[in-house]
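Listed below are the residues making up each chain.
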Amino acid sequence: MELFRIKKDIPFMRHALIFNVISALTFVAAVFFLLHRGLHLSVEFTGGTVMEVSYSKAADVDSVRKTVESLGFVDVPVQTFGKAQDVVIRLPSPKEISADDQAKKVFTALQAADPDVKLQRTEQVGSQVGDELMHDGLMALLFVVIGVVIYLAMRFEWKFAVAAIFANLHDVVIILGFFAFFQWEFNLSVLAAVLAVLGYSVNESVVIFDRIRENFRKQRKMTVKEVIDNAITSTISRTVITHGCTQMMVLSMLLIGGPTLHYFAVALTIGICFGIYSSVFVAAAIAMWLGVKREDLIKPVKEKDDTDGAVV
(Lines give C-alpha, C1' and ligand atoms only; values in the text may rest on other atoms or scores of the structure.)
Protein backbone atom coordinates (compact mmCIF):
# COMPACT_ATOMS: atom_id res chain seq x y z
CA MET A 1 0.00 0.00 0.00
CA GLU A 2 1.44 3.38 -1.03
CA LEU A 3 -0.02 6.85 -0.54
CA PHE A 4 2.49 8.31 -2.97
CA ARG A 5 5.44 7.23 -5.06
CA ILE A 6 8.59 9.31 -5.38
CA LYS A 7 10.15 8.79 -8.81
CA LYS A 8 13.52 10.41 -8.10
CA ASP A 9 15.63 9.18 -5.21
CA ILE A 10 16.22 11.68 -2.40
CA PRO A 11 19.97 12.05 -1.64
CA PHE A 12 19.77 11.31 2.09
CA MET A 13 23.36 10.12 2.38
CA ARG A 14 24.68 13.36 0.88
CA HIS A 15 23.65 15.13 4.10
CA ALA A 16 24.35 12.21 6.46
CA LEU A 17 27.39 13.83 8.06
CA ILE A 18 25.53 17.02 8.98
CA PHE A 19 22.60 15.15 10.52
CA ASN A 20 24.89 12.80 12.42
CA VAL A 21 26.77 15.78 13.89
CA ILE A 22 23.40 17.08 15.09
CA SER A 23 22.62 13.62 16.49
CA ALA A 24 25.97 13.48 18.28
CA LEU A 25 25.41 16.91 19.87
CA THR A 26 21.89 15.92 20.95
CA PHE A 27 23.21 12.65 22.36
CA VAL A 28 25.96 14.43 24.34
CA ALA A 29 23.42 16.93 25.70
CA ALA A 30 21.13 14.07 26.79
CA VAL A 31 24.02 12.32 28.58
CA PHE A 32 24.97 15.60 30.27
CA PHE A 33 21.47 16.15 31.66
CA LEU A 34 21.28 12.52 32.78
CA LEU A 35 24.52 12.89 34.72
CA HIS A 36 23.88 16.45 35.95
CA ARG A 37 20.18 16.33 36.86
CA GLY A 38 19.39 12.63 36.86
CA LEU A 39 15.98 11.07 36.45
CA HIS A 40 12.99 12.02 38.59
CA LEU A 41 12.21 8.48 39.69
CA SER A 42 8.71 7.51 40.80
CA VAL A 43 7.68 5.78 44.00
CA GLU A 44 8.14 2.37 42.35
CA PHE A 45 11.88 3.02 42.22
CA THR A 46 12.51 5.24 45.26
CA GLY A 47 10.12 3.63 47.74
CA GLY A 48 7.20 5.19 49.59
CA THR A 49 3.64 4.53 50.72
CA VAL A 50 0.95 2.77 48.68
CA MET A 51 -2.65 3.52 49.67
CA GLU A 52 -5.72 1.79 48.30
CA VAL A 53 -9.04 3.51 48.91
CA SER A 54 -12.54 2.49 47.84
CA TYR A 55 -15.58 4.62 46.95
CA SER A 56 -19.26 3.71 46.90
CA LYS A 57 -19.48 4.70 43.21
CA ALA A 58 -17.06 5.19 40.33
CA ALA A 59 -14.18 7.28 41.64
CA ASP A 60 -13.36 10.68 40.21
CA VAL A 61 -9.61 10.18 39.74
CA ASP A 62 -8.98 13.82 38.80
CA SER A 63 -10.71 15.01 41.98
CA VAL A 64 -8.70 12.56 44.10
CA ARG A 65 -5.49 13.73 42.46
CA LYS A 66 -6.30 17.40 43.13
CA THR A 67 -7.04 16.60 46.77
CA VAL A 68 -3.68 14.85 47.15
CA GLU A 69 -1.84 17.66 45.34
CA SER A 70 -3.43 20.23 47.65
CA LEU A 71 -1.44 18.61 50.48
CA GLY A 72 1.82 19.38 48.70
CA PHE A 73 2.38 16.07 46.91
CA VAL A 74 3.25 16.84 43.28
CA ASP A 75 3.15 14.29 40.42
CA VAL A 76 1.76 11.56 42.68
CA PRO A 77 0.47 8.54 40.70
CA VAL A 78 -3.28 8.17 41.25
CA GLN A 79 -5.15 5.53 39.25
CA THR A 80 -8.01 3.08 39.43
CA PHE A 81 -7.18 -0.45 40.47
CA GLY A 82 -9.31 -3.37 39.33
CA LYS A 83 -12.74 -1.76 39.65
CA ALA A 84 -13.75 1.82 38.90
CA GLN A 85 -14.50 2.32 42.61
CA ASP A 86 -10.99 1.38 43.80
CA VAL A 87 -8.14 3.88 43.61
CA VAL A 88 -4.44 3.38 44.30
CA ILE A 89 -2.32 6.31 45.50
CA ARG A 90 1.49 6.10 45.60
CA LEU A 91 3.06 8.63 47.95
CA PRO A 92 6.79 9.44 48.13
CA SER A 93 8.80 8.57 51.23
CA PRO A 94 8.05 11.16 53.93
CA LYS A 95 10.88 13.29 55.32
CA GLU A 96 9.41 15.16 58.28
CA ILE A 97 6.62 12.83 59.43
CA SER A 98 6.18 9.08 59.67
CA ALA A 99 4.64 7.04 56.86
CA ASP A 100 1.57 6.26 59.00
CA ASP A 101 0.98 9.95 59.75
CA GLN A 102 1.41 10.71 56.06
CA ALA A 103 -1.23 8.14 55.10
CA LYS A 104 -3.62 9.41 57.80
CA LYS A 105 -3.18 12.97 56.56
CA VAL A 106 -4.06 12.00 53.00
CA PHE A 107 -7.01 9.84 54.03
CA THR A 108 -8.39 12.61 56.23
CA ALA A 109 -8.32 14.98 53.25
CA LEU A 110 -10.07 12.40 51.07
CA GLN A 111 -12.74 11.89 53.73
CA ALA A 112 -13.34 15.62 53.88
CA ALA A 113 -14.00 15.60 50.13
CA ASP A 114 -16.13 12.41 50.20
CA PRO A 115 -17.23 10.89 53.55
CA ASP A 116 -18.04 7.54 51.87
CA VAL A 117 -14.43 6.76 51.06
CA LYS A 118 -12.92 3.74 52.81
CA LEU A 119 -9.27 2.86 53.37
CA GLN A 120 -8.66 -0.66 52.08
CA ARG A 121 -4.94 -1.04 52.77
CA THR A 122 -1.69 0.83 53.36
CA GLU A 123 1.69 -0.63 52.45
CA GLN A 124 5.25 0.60 52.73
CA VAL A 125 7.49 0.14 49.68
CA GLY A 126 11.15 0.07 50.70
CA SER A 127 14.01 1.45 48.65
CA GLN A 128 15.32 -2.11 48.24
CA VAL A 129 12.28 -2.95 46.08
CA GLY A 130 13.00 0.12 43.99
CA ASP A 131 16.62 -0.94 43.54
CA GLU A 132 15.49 -4.37 42.39
CA LEU A 133 13.07 -2.83 39.89
CA MET A 134 15.80 -0.57 38.52
CA HIS A 135 18.20 -3.51 38.26
CA ASP A 136 15.58 -5.67 36.52
CA GLY A 137 14.73 -2.83 34.14
CA LEU A 138 18.36 -2.32 33.16
CA MET A 139 18.82 -6.06 32.69
CA ALA A 140 15.74 -6.16 30.45
CA LEU A 141 17.20 -3.31 28.39
CA LEU A 142 20.54 -5.11 28.13
CA PHE A 143 18.97 -8.39 27.00
CA VAL A 144 16.91 -6.57 24.38
CA VAL A 145 20.06 -4.93 23.00
CA ILE A 146 21.93 -8.27 22.91
CA GLY A 147 18.98 -9.96 21.23
CA VAL A 148 18.79 -7.24 18.58
CA VAL A 149 22.51 -7.55 17.82
CA ILE A 150 22.31 -11.34 17.43
CA TYR A 151 19.17 -11.13 15.27
CA LEU A 152 20.53 -8.50 12.87
CA ALA A 153 23.95 -10.14 12.65
CA MET A 154 22.31 -13.43 11.67
CA ARG A 155 19.75 -11.97 9.27
CA PHE A 156 21.97 -9.37 7.61
CA GLU A 157 25.60 -8.70 8.56
CA TRP A 158 27.52 -7.50 11.64
CA LYS A 159 27.92 -4.00 10.18
CA PHE A 160 24.15 -3.60 10.12
CA ALA A 161 23.92 -4.96 13.68
CA VAL A 162 26.42 -2.38 14.96
CA ALA A 163 24.69 0.42 13.04
CA ALA A 164 21.25 -0.52 14.40
CA ILE A 165 22.47 -0.69 18.00
CA PHE A 166 24.04 2.76 17.77
CA ALA A 167 20.77 4.10 16.37
CA ASN A 168 18.63 2.38 19.01
CA LEU A 169 20.78 3.48 21.94
CA HIS A 170 20.68 6.97 20.41
CA ASP A 171 16.86 6.89 20.68
CA VAL A 172 16.83 5.53 24.24
CA VAL A 173 19.38 8.00 25.60
CA ILE A 174 17.58 10.96 24.00
CA ILE A 175 14.26 9.87 25.58
CA LEU A 176 15.96 9.64 28.98
CA GLY A 177 17.64 13.00 28.31
CA PHE A 178 14.25 14.66 27.78
CA PHE A 179 12.96 13.20 31.05
CA ALA A 180 16.09 14.35 32.89
CA PHE A 181 15.99 17.88 31.42
CA PHE A 182 12.30 18.52 32.15
CA GLN A 183 12.35 16.38 35.33
CA TRP A 184 9.32 14.44 34.20
CA GLU A 185 8.47 11.47 36.39
CA PHE A 186 10.15 8.25 35.29
CA ASN A 187 7.93 5.33 36.27
CA LEU A 188 7.38 1.73 35.19
CA SER A 189 5.11 2.72 32.31
CA VAL A 190 7.85 4.97 30.91
CA LEU A 191 10.34 2.11 31.21
CA ALA A 192 7.89 -0.05 29.24
CA ALA A 193 7.67 2.70 26.61
CA VAL A 194 11.48 2.80 26.31
CA LEU A 195 11.59 -0.96 25.70
CA ALA A 196 8.77 -0.62 23.16
CA VAL A 197 10.68 2.13 21.33
CA LEU A 198 13.68 -0.20 21.04
CA GLY A 199 11.59 -2.76 19.19
CA TYR A 200 9.83 -0.12 17.15
CA SER A 201 13.08 1.47 16.01
CA VAL A 202 14.57 -1.92 15.13
CA ASN A 203 11.52 -2.68 12.97
CA GLU A 204 12.08 0.48 10.92
CA SER A 205 15.79 -0.26 10.54
CA VAL A 206 15.08 -3.84 9.41
CA VAL A 207 12.70 -2.60 6.68
CA ILE A 208 15.37 -0.26 5.31
CA PHE A 209 18.13 -2.87 5.63
CA ASP A 210 15.99 -5.44 3.84
CA ARG A 211 15.40 -3.03 0.95
CA ILE A 212 19.15 -2.28 0.82
CA ARG A 213 19.86 -6.00 0.45
CA GLU A 214 17.21 -6.30 -2.25
CA ASN A 215 18.71 -3.33 -4.12
CA PHE A 216 22.19 -4.84 -3.96
CA ARG A 217 20.75 -7.93 -5.64
CA LYS A 218 18.81 -6.08 -8.36
CA GLN A 219 20.68 -2.81 -8.96
CA ARG A 220 24.20 -3.98 -9.63
CA LYS A 221 25.36 -0.75 -11.29
CA MET A 222 24.42 1.51 -8.36
CA THR A 223 26.97 2.77 -5.85
CA VAL A 224 26.49 2.07 -2.15
CA LYS A 225 25.17 5.60 -1.56
CA GLU A 226 22.69 5.28 -4.41
CA VAL A 227 21.52 1.89 -3.13
CA ILE A 228 20.86 3.30 0.36
CA ASP A 229 19.15 6.45 -0.97
CA ASN A 230 16.89 4.33 -3.17
CA ALA A 231 16.07 1.98 -0.27
CA ILE A 232 15.05 4.84 2.03
CA THR A 233 13.11 6.69 -0.69
CA SER A 234 11.19 3.59 -1.75
CA THR A 235 10.08 2.90 1.84
CA ILE A 236 8.95 6.46 2.66
CA SER A 237 5.29 5.77 1.87
CA ARG A 238 5.32 2.75 4.19
CA THR A 239 7.02 4.83 6.89
CA VAL A 240 4.43 7.61 6.66
CA ILE A 241 1.51 5.18 6.90
CA THR A 242 2.93 3.07 9.72
CA HIS A 243 4.30 5.83 11.91
CA GLY A 244 1.41 8.17 11.16
CA CYS A 245 -1.18 5.62 12.31
CA THR A 246 0.87 4.73 15.38
CA GLN A 247 1.37 8.36 16.30
CA MET A 248 -2.38 9.03 16.05
CA MET A 249 -3.01 6.33 18.64
CA VAL A 250 -0.24 7.66 20.87
CA LEU A 251 -1.55 11.23 20.58
CA SER A 252 -5.00 10.03 21.64
CA MET A 253 -3.41 8.60 24.80
CA LEU A 254 -1.44 11.81 25.29
CA LEU A 255 -4.44 14.13 24.90
CA ILE A 256 -7.33 12.17 26.42
CA GLY A 257 -5.63 9.30 28.26
CA GLY A 258 -5.28 11.26 31.50
CA PRO A 259 -2.26 11.66 33.79
CA THR A 260 -1.80 7.90 34.18
CA LEU A 261 -0.86 7.47 30.50
CA HIS A 262 0.61 10.93 29.99
CA TYR A 263 4.34 10.23 30.40
CA PHE A 264 3.99 6.84 28.72
CA ALA A 265 2.60 8.60 25.65
CA VAL A 266 5.25 11.34 25.87
CA ALA A 267 8.04 8.75 25.82
CA LEU A 268 6.47 6.96 22.85
CA THR A 269 6.02 10.23 20.95
CA ILE A 270 9.68 11.17 21.39
CA GLY A 271 10.75 7.62 20.55
CA ILE A 272 8.68 7.41 17.35
CA CYS A 273 9.98 10.74 16.03
CA PHE A 274 13.61 9.98 16.79
CA GLY A 275 13.17 6.35 15.70
CA ILE A 276 12.37 7.47 12.16
CA TYR A 277 15.25 9.94 12.21
CA SER A 278 17.79 7.46 13.54
CA SER A 279 16.80 4.67 11.13
CA VAL A 280 17.38 6.98 8.14
CA PHE A 281 20.29 9.19 9.14
CA VAL A 282 22.03 7.22 11.90
CA ALA A 283 21.66 3.49 11.19
CA ALA A 284 21.96 3.70 7.40
CA ALA A 285 24.80 6.21 7.53
CA ILE A 286 26.83 4.22 10.06
CA ALA A 287 26.39 1.07 7.97
CA MET A 288 27.68 3.00 4.97
CA TRP A 289 30.68 4.35 6.91
CA LEU A 290 31.49 0.87 8.21
CA GLY A 291 32.00 -0.11 4.60
CA VAL A 292 28.96 -2.26 3.85
CA LYS A 293 29.09 -3.58 0.29
CA ARG A 294 27.28 -5.93 -2.04
CA GLU A 295 29.52 -8.88 -1.18
CA ASP A 296 28.56 -8.61 2.51
CA LEU A 297 24.93 -9.48 1.78
CA ILE A 298 25.07 -11.41 -1.47
CA LYS A 299 27.63 -14.13 -1.53
CA PRO A 300 29.19 -14.66 -4.98
CA VAL A 301 28.19 -17.84 -6.73
CA LYS A 302 31.10 -20.16 -7.24
CA GLU A 303 31.51 -21.23 -10.83
CA LYS A 304 31.70 -24.95 -11.46
CA ASP A 305 35.09 -26.24 -12.40
CA ASP A 306 34.88 -27.94 -15.82
CA THR A 307 37.76 -30.22 -14.88
CA ASP A 308 35.78 -31.73 -11.99
CA GLY A 309 35.07 -35.34 -12.74
CA ALA A 310 37.19 -35.34 -15.88
CA VAL A 311 39.02 -38.58 -16.62
CA VAL A 312 42.77 -38.22 -16.87
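Description of the structure in this document.

Parameters and conventions
- Residues numbered from 1 in each chain as written.
- Predicted model: local features only at pLDDT ≥ 70, side-chain atom pairs only at ≥ 80, totals over all residues.
- Heavy atoms only, no water.
- Helix = DSSP H or I, 4+ residues; strand = E, 2+ residues; numbered from the N terminus.
- Rg over C-alpha atoms; globule rule 2.2 N^0.38 Å.
- Buried < 20%, exposed > 50% of the residue type's maximum accessible area, 1.4 Å probe, protein only.
- Contact = heavy atoms within 4.5 Å.
- Lys, Arg positive; Asp, Glu negative; His and termini not counted.
- Charge placed at Lys NZ, Arg CZ, Asp CG, Glu CD.
- Axes fitted to C-alpha atoms, helices over the stretch in contact; angles between N-to-C directions.
- Parallel < 35°, antiparallel > 145°, perpendicular 65-115°, else oblique.
- Left-handed = near helix turned anticlockwise from the far one by under 90°.
- Nonpolar A, V, L, I, M, F, W, Y, C, P; charged D, E, K, R; others polar.
- Pairing = 2+ DSSP bridges.
- Expected span 1.5 Å × (residues − 1).
- Polar contact = N/O pair within 3.5 Å; in protein donor to acceptor, adjacent residues only side chain to side chain.
- 1 Å grid on protein atoms, 1.4 Å probe; cavity = no way out; pocket = protein on both sides within 12 Å on 5 of 7 lines; lining within 4 Å.
- Points joined across faces, edges and corners; volume = space filled by probe spheres on them.
- Core = buried A, V, L, I, M, F, W, Y, C linked by side-chain atoms within 4.5 Å.
- Salt bridge = Lys/Arg side-chain N within 4 Å of Asp/Glu carboxyl O.

## Concerning the overall build of the protein
For step 1, the next point in the chain: When helices and strands are tallied, the protein shows eleven helices and six strands.
For step 2, the next point in the chain: Its C-alpha atoms give the protein a radius of gyration of 26 Å, clearly above 20 Å, the size a compact globule of 312 residues would have.
For step 3, the next point in the chain: Reported as C-alpha extents along the three principal axes, the dimensions of the protein are approximately 100 × 45 × 40 Å.
For step 4, the next point in the chain: Within the protein, buried positions represent 42% of all 312 residues.
For step 5, the next point in the chain: Restricting to contacts in the protein with at least 6 residues of sequence separation, those with at least 24 account for 79%.
For step 6, the next point in the chain: For the protein, the distance from the average site of its 30 positive side-chain charges to the average site of its 32 negative ones is 8 Å.

## Things to note about the packing of helix α7 (residues 188-218) against helix α9 (residues 236-256)
For step 1, the next point in the chain: Interhelical geometry of α7 versus α9 gives an angle of 170 degrees and a closest axis separation of 12 Å. With respect to α9, the axis of α7 lies roughly antiparallel. Crossing hand, α7 versus α9: right-handed. Contact residues: α7 offers Tyr-200, Asn-203, Glu-204 and Val-207, while α9 offers Arg-238, Thr-239, Thr-242, His-243 and Thr-246.
For step 2, the next point in the chain: Here the contact of α7 with α9 is composed, by residue class, of two nonpolar, five polar and two charged.

## Looking at the pairing of strand β4 (residues 83-92)
For step 1, the next point in the chain: Here seven bridges tie strand β2 (residues 48-54) to β4, and the two strands are oriented antiparallel to one another. Residue pairing across strands places Ser-54 opposite Asp-86, the latter belonging to β4.
For step 2, the next point in the chain: The sheet contact formed by strand β3 (residues 78-81) and β4 spans four bridges and is antiparallel. In the strand pairing of β4, Gln-79 is matched with Val-88.
For step 3, the next point in the chain: Between the antiparallel neighbours β3 and β4 lie one residue, among them Gly-82 with a positive phi of about 80 degrees.

## What to know about helix α6 (residues 158-182)
For step 1, the next point in the chain: If you check α6, its first and last C-alpha atoms are 36 Å apart, about what 25 residues at 1.5 Å a residue would give, namely 36 Å.
For step 2, the next point in the chain: Across the 25 residues that make up α6, a large majority, 18, are buried.
For step 3, the next point in the chain: Where α6 begins, the capping side chain belongs to Glu-157, and its oxygen is found 3.0 Å from the backbone nitrogen of Lys-159.
For step 4, the next point in the chain: Two residues or fewer past α6, Gln-183 is found with a positive phi of approximately 55 degrees.

## Quick notes on the sheet that holds β4
For step 1, the next point in the chain: Read from one edge of the open sheet, four strands run β3-β4-β2-β5, paired in antiparallel fashion. With partners counted over all chains shown, the strands left at the sheet margins are β3 and β5 (118-125), one partner each. Shown here is a sheet whose adjacent strand axes are inclined to one another by a mean of 25 degrees, direction ignored.
For step 2, the next point in the chain: Sheet strands touched by helix α3 (residues 61-69): β3 and β4. Its angle to β3, the strand with the most contacts, is close to 140 degrees.

## Concerning the layout of surface pockets
For step 1, the next point in the chain: By volume, the largest pocket is sized at about 380 Å³.
For step 2, the next point in the chain: Every residue lining the largest pocket is counted, 18 residues in all, and those nearest its centre are Pro-77, Glu-185, Asn-187, Pro-259 and Thr-260.
For step 3, the next point in the chain: Looking at the lining of the largest pocket, the elements with two or more residues in it are α3, β3, α7 and α10 (259-289).
For step 4, the next point in the chain: The biggest single contributor to the lining of the largest pocket is α10, with five residues.

## A look at the nonpolar core
For step 1, the next point in the chain: Among the nonpolar cores identified, the biggest contains 35 residues, and Met-13, Ile-212 and Ile-232 are the most heavily contacted of them.
For step 2, the next point in the chain: Elements that contribute at least two residues to this core include exactly α5 (127-155), α6, α7, α8 (224-234) and α10.
For step 3, the next point in the chain: Tallying contributions element by element places α10 first for this core, with ten residues.
For step 4, the next point in the chain: Not counting chain neighbours up to four residues away, the residues in contact with Ile-232 comprise Phe-12, Met-13, Ile-208, Val-280 and Ala-284.
For step 5, the next point in the chain: Among the nonpolar cores identified, the runner-up in size contains 22 residues, and Ile-175, Phe-186, Val-190 and Leu-268 belong to it.

## Some points on the pattern of salt bridges
For step 1, the next point in the chain: All told, the structure shown has seven salt bridges when counted by the stated rule.
For step 2, the next point in the chain: Residue Glu-123 pairs with Arg-121 through a salt bridge whose shortest N-O separation is 3.0 Å.
For step 3, the next point in the chain: Given the relative accessible area of 40%, Glu-123 is considered partly exposed.
For step 4, the next point in the chain: Here Asp-210 and Arg-213 are joined by a salt bridge, their closest N and O atoms 2.8 Å apart. Here Asp-210 pairs with Arg-213, and both are found in helix α7, just three residues apart, close to one helical turn.
For step 5, the next point in the chain: A residue is classified by how much of its surface remains accessible, and Asp-210, at 28% relative accessible area, is partly exposed.
For step 6, the next point in the chain: Judged by relative accessible area, Arg-213 falls into the buried class, the value being 17%.

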